[in-house]
Amino acid sequence: MKIVVCIKQVPATGADKRYTDDLRLDRNGVEAIINPLDEYAIEQALRLLDDGSVESVTYLSMGPEQAAEALRRALAMGGDEAVLVTDSALAGADEWATARVLAAALDKLAPDVALTGMASDDARGSLVPGAVAAMRNVPLLSYGSELKVADGEARVRRLSATGFDWIAAPLPVVASVTDQVGEPRYASLKGIMAAKRKPLETWSLADLGLAGEDLAGGALTHVTDARAQEAKPPTERIENLSAVEAAAKIADWLAARKLI
Amino acid sequence: MANDILFLAEFTAGTPARSALELAAGAAELAIQSGGAAIGLAYGSGAADDAASLGAHGASRVIILGDDDRPAIAHAPAAVAAVRDAGALALLAPATPNGRDLAAVLVGSLHLPAFGPVRAARVVDGVLETEQATLQGSVVTTSRPVEGVATPSVVLVLANTFTPGEGGTGSADVSRAPIGTESAFGKVTVAESHPADAKVVNLEEATVIVAGGRGVGGEEGFGPLRDLAAALGGAVGASRAAADAGWIPYQLQIGQTGKVVKPSLYIGAGISGAIQHRVGMQTAEHVVAINRDPDAPIGEFADLFVVGDLFKIVPALTDEIRRRSGA
Amino acid sequence: MTYLPTAEHDELRAVVRELADERIGPRAAAIDETSEFPHDLRELLARQDLLGTCFGEEHGGTALDTIAQSILVEELARADATTSLIPIVQKLGALPIILAGSDEQKDRYFPRLASGEWLIAFALTEAAAGSDVASNRMRATRDGDEYVLNGSKRFITHGSVADVLTVFALTDPAAGGRKGMSAFIVETDTPGFAAPRVEHKMGIRGSPTAELTFDDVRLPSANVVGAEGEGFKIAMETLDRSRLSIAAQAVGIAQGALDAAVAYAADRQQFGERVVDFQGIQWMLADMASQTEAARQLTYAAAARVDADAPDLPYWTSSAKLVAGDTAMRVTTDAVQILGGYGYITEYPVERMMRDAKITQLYEGTQQIQRLIVARQLLQRAGVARQG
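Note that the structure is predicted; figures quoted are calculated from it, not measured. (Residues numbered from 1 in each chain as written. Chains lettered and ligands numbered in written order. Predicted model: local features only at pLDDT ≥ 70, side-chain atom pairs only at ≥ 80, totals over all residues. Heavy atoms only, no water.)

Another point: helix α1 (residues 36–50) of chain A. Residues and elements named next belong to chain A. Between its first and last C-alpha atoms α1 spans 21 Å; for 15 residues at 1.5 Å apiece the expected length is 21 Å, and the two agree. Of the residues making up α1, those classed as buried are Leu 37, Asp 38, Tyr 40, Ala 41, Ile 42, Glu 43, Gln 44, Ala 45, Leu 46 and Leu 48. Just beyond α1, the residue with positive phi is Gly 52, at close to 85 degrees. (Helix = DSSP H or I, 4+ residues; strand = E, 2+ residues; numbered from the N terminus. Expected span 1.5 Å × (residues − 1). Buried < 20%, exposed > 50% of the residue type's maximum accessible area, 1.4 Å probe, protein only.)

Now for a negative patch on the surface. The grouping of Asp 293, Asp 295 and Glu 300 of chain B together with Asp 267 of chain C at the surface amounts to a negative patch. Among the secondary structure elements, Asp 267 of chain C is positioned in helix α7 (residues 231–267). For Asp 267 of chain C, a relative accessible area of 61% translates into the label exposed. (Patch = residues over 30% accessible without salt bridge, like charges linked within 9 Å, V, L, I, M, F, W, Y side chains within 5 Å. Areas by Shrake-Rupley, 256 points an atom, 1.4 Å probe, with all protein chains shown as cover. Salt bridge = Lys/Arg side-chain N within 4 Å of Asp/Glu carboxyl O. Lys, Arg positive; Asp, Glu negative; His and termini not counted. Charge placed at Lys NZ, Arg CZ, Asp CG, Glu CD.)

Now for empty space enclosed by the protein. All names here are of chain C. The final tally for this structure, using the stated rule, is four cavities of 30 Å³ or more. If you list the elements that add at least two residues to the lining of the largest cavity, you get α3 (66–79), α4 (81–100) and α7. Considering each element in turn, the lining of the largest cavity owes the most residues, five residues, to α3. For the lining of the largest cavity, the two domains that each supply at least three residues are domain 1 (7–115) and domain 3 (233–382). (1 Å grid on protein atoms, 1.4 Å probe; cavity = no way out; pocket = protein on both sides within 12 Å on 5 of 7 lines; lining within 4 Å. Points joined across faces, edges and corners; volume = space filled by probe spheres on them. Domains from an automatic or database assignment.)

Moving on: the packing of aromatic side chains. All told, the structure shown has nine aromatic pairs over all chains when counted by the stated rule. With centroids separated by 6.3 Å and ring planes inclined at 40 degrees, the aromatic side chains of Tyr 109 of chain C and Trp 118 of chain C adopt a geometry described as tilted. In this pair, the class of Tyr 109 of chain C matches that of Trp 118 of chain C, namely buried. With a centroid separation of 5.5 Å and an interplanar angle of 70 degrees, the aromatic rings of Tyr 342 of chain C and Tyr 348 of chain C are classed as edge-to-face. Classification of Tyr 348 of chain C as partly exposed rests on a relative accessible area of 27%. A cation over an aromatic ring shows up here: Lys 108 of chain A above the ring of Trp 203 of chain A, its NZ or CZ 4.5 Å from the ring centre. (Phe/Tyr/Trp six-rings, centres within 6.5 Å; stacked < 30°, edge-to-face > 60°. Lys NZ or Arg CZ within 6 Å of the ring centre and 35° of its normal.)

We now examine the nonpolar core. Among the nonpolar cores identified, the biggest contains 109 residues, and Tyr 59, Leu 60 and Leu 147 of chain A are the most heavily contacted of them. Considering every element that reaches this core, the biggest residue donor is helix α3 (residues 95–109) of chain A, with ten residues. In contact with Tyr 59 of chain A, other than residues within four places in its own chain, are Val 5, Ile 42, Leu 46, Leu 71, Ala 74, Leu 75, Gly 78, Gly 79, Glu 81, Ala 82 and Val 83 of chain A. Ala 265, Ala 328, Ile 338 and Ala 357 of chain C belong to the second largest nonpolar core, which has 74 residues in total. (Core = buried A, V, L, I, M, F, W, Y, C linked by side-chain atoms within 4.5 Å. Contact = heavy atoms within 4.5 Å.)

The figure often quoted for interface size is the accessible area lost as the parts come together. Each partner contributes residues to the interface: chain B has 77 residues there, and chain A has 71 residues. Summing both sides of the interface, chain B and chain A together bury roughly 6400 Å²; the carbon and sulfur share of this comes to 59%. When the buried area of chain B at its contact with chain A is split by residue, His 111, Leu 304 and Arg 324 of chain B rank highest and sum to 9% of it. At the boundary of chain B with chain A, the tally comes to five salt bridges. Here Glu 192 of chain B makes a salt bridge to Arg 155 of chain A, at a shortest N to O gap of 3.2 Å. Counting across the chain B and chain A interface gives 27 residue pairs in polar contact (both at pLDDT 80 or more). Put simply, the parts of the chain that give the side of chain B that touches chain A at least two residues each are α4 (97–110), β6 (114–118), β9 (139–145), β12 (189–194), β16 (286–291), α8 (298–301), β17 (304–307) and α9 (310–324) of chain B. Top element by residues in the side of chain B that touches chain A is α4 of chain B. It accounts for ten residues. (Buried area = accessible area lost by both parts, 1.4 Å probe. Polar contact = N/O pair within 3.5 Å; in protein donor to acceptor, adjacent residues only side chain to side chain.)

Have a look at this one:
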């Protein structure tokens with residue numbers, strides 16, 4: 001029973017209030033990290049490895065060569081091996097091309113579960129797991145707050161508007177999990193040391209039987225205008241009043257806008 | 001037809017979801033602009049029973065993809081076939097997990113352009129145009145499909161972007177999609193169903209939301225917020241911090257990984273306003289924030305920022321509202 | 001001899017810092033206020049393999065070099081001095097066995113220490129024997145195939161939470177402390193052992209500093225570390241190395257205070273300007289930063305020499321502990337000063353850091369003892385004979 005977790009490397013979120021980068025030798029800024037929402041997918045996969053539901057966890061990423069760092073970090077959390085698909089023809093690939101490449105790589109790896117995190121809120125990013133499932137003709141179990149694998153079947157716990165359901169499908173499946181899986185583990189020191197020795201393969205498009213032309217075509221949509229949000233009137237503030245006075249002022253404000 | 005506007009309509013036990021009514025109205029609006037027809041793609045238990053009623057909300061035709069209670073994704077193959085045959089200009093899908101699932105399969109199978117989640121959509125000179133706020137919310141981008149790409153464009157639409165009409169007298173023509181070939185998506189089933197107690201409100205449909213964050217301090221702390229929500233006829237929501245701490249169920253979490261809401265009034269108490277939460281509520285019409293910290297980020301984008309102790313101000317506000325409404 | 005931190009050192013620092021910022025720093029104030037030992041953080045450190053860095057891989061440790069161990073302590077101490085003591089004392093307690101223990105003793109204890117399942121502490125100090133180690137009075141009397149320990153110890157860090165101790169006692173009182181002391185391994189569930197009280201302290205409040213009593217505590221003779229009579233030498237060799245952990249702790253405390261002072265000064269406005277833009281404040285910060293860095297680099301230089309088993313190792317480790325401890329006290333005091341009134345209240349962390357810093361001038365050899373050690377080494381190098 002094998003899981004492949006698809007992860008993405010992204011630039012670290014900028015400027016924390018950390019004044020201590022003087023301790024580091026010469027790093028000119030952008031450190032790359034695992035997309036935070038993917039960490040939940042990694043955590044879910046590792047829990048299934050810990051409890052014996054699956055026997056191996058492989059990480060898959062598509063990106064520039066530097067994306068291997070994200071894969072090493074994932075391996076430091078746990079898991080067995082990683083695959084990086086990298087090719088100069090993939091520079092600037094859009095989400096459809098990404099789905100195409102991931103689908104081909106997953107077909108080659110043939111896992112029982114191909115697992116992703118909730119992608120970014122952006123439409124195109126969030127549609128990648130479903131697009132991959134469609135391309136591979138494999139059932140999709142998405143937006144799970146928990147994933148279980150047993151008896152040739154996978155199921156996810158999905159919150160509905162008011163409750164939850166367990167949605168199931170026979171293996172193999174494509175699944176995605178949300179941050180409700182629970183806190184991702186920290187990489188332990190031994191994990192970090194072991195990660196250096198775990199296998200990390202690099203594949204090109206040719207290894208997947210794809211050519212640049214299969215993916216070309218560029219973006220299907222384009223931005224035609226960008227404007228600053230309508231200048232909102234400055235925030236009105238209420239402070240230094242007693243609770244009763246503040247409440248009266250808030251009520252006045254609501255009434256003026258016909259909200260009460 | 002080339003200028004038709006499709007929309008997804010989800011049904012449960014014969015009742016259309018609010019998103020179905022909103023998108024019907026939206027599709028009708030766009031169809032007037034494009035000179036085409038608004039066509040619903042209905043799925044879910046009891047869809048066949050009530051599909052025609054979508055006509056009262058703007059649809060001229062409805063195609064039933066399936067009217068069993070299988071998960072939405074099981075209807076994806078029928079959706080693909082119907083969309084391929086329809087040759088329309090755009091397809092509106094709700095920006096919910098089910099809507100995204102179906103949209104994803106359409107995009108992946110038919111290599112369609114995708115937009116959203118959008119806060120506005122229209123057809124201008126026969127071309128689809130959408131508006132989307134960026135993560136930071138400070139920039140609004142307008143997008144269109146590149147010339148010559150496949151159609152329809154798939155558009156994810158946020159709740160409360162379109163307003164359902166009062167319901168006219170129209171009745172839509174209903175037809176069934178052809179039974180599709182066996183596909184992997186048909187193998188997805190609901191293994192167990194756990195509806196929650198009826199008290200949990202679907203935040204996406206609420207017009208007034210009172211939300212609590214870390215500052216509420218615990219499960220009991222939500223009591224005053226519930227009272228305020230009740231006084232305003234609204235629902236209670238929360239930030240991720242409160243959900244992670246177990247103070248309220250995850251269904252009430254508003255934010256990037258939770259619900260995206262668009263109420264006319266949002267009151268955030270003890271919420272700092274981190275970007276991940278903001279994304280979930282920034283399109284609310286009126287934002288009021290109550291926080292002890294005068295520098296809380298939420299103060300920068302709220303319409304009204306009240307600095308003070310929420311445990312004193314919220315009950316006082318509840319009392320004042322009740323007093324004014326004569327209760 | 002030169003040394004440079006490697007990419008692995010940087011990676012370790014980043015990992016520990018993330019853990020410290022997310023899980024340890026937020027607990028520091030509460031730990032100080034309640035004076036409770038942070039069992040949850042001990043478990044977290046154990047899970048992350050951070051309590052086994054001084055043990056070999058054959059025992060389940062990660063065998064990090066001494067610079068890496070210093071970085072670990074430094075980053076933990078930056079967030080919370082109390083928590084940094086957990087790996088510090090784990091090493092301190094184990095060093096006698098590392099330096100002089102038998103393979104059997106190492107195999108018996110190290111796996112559980114490396115995993116963090118057990119904690120170990122170092123029991124040398126007595127009420128009447130602090131700096132003057134040789135005047136220890138605790139006795140270990142041979143009785144057949146066992147030793148019987150009687151006496152008490154004071155100011156033993158983690159003495160009340162440890163599962164095992166390395167204890168120093170006189171096997172030959174007539175020979176005096178230097179020649180007649182031996183080192184023993186005592187498991188704390190042995191009958192006759194008790195930790196009747198812990199001290200109320202100025203700082204490192206979450207770290208239990210215990211008084212220990214031994215009332216006819218019986219040990220198998222296999223529990224003596226090294227040979228009888230070697231205890232004093234083992235204790236000194238232990239402290240030669242363990243004091244470097246305190247240097248690293250002091251560097252971390254100083255860095256934490258410096259970071260807090262910079263952040264505060266950048267935010268606080270007075271007289272229409274940011275406090276950090278006042279030249280007087282910048283001069284203070286510059287002194288704090290350069291002195292912290294000097295202490296840090298001296299600590300790493302000493303660490304490199306520990307790994308190289310340099311013959312003048314004590315000169316280096318004592319210098320580092322001396323400089324770092326005094327630096328931590330100065331930097332934390334200045335940090336309180338920069339925060340002004342806010343520096344004095346518990347809502348901000350610097351007053352706690354100042355209280356925590358003081359101990360680095362006191363334990364594992366007071367600054368005065370360190371000066372004696374440095375002076376002795378200095379005079380030896382200079383060929384100046386010792387008087388008397």
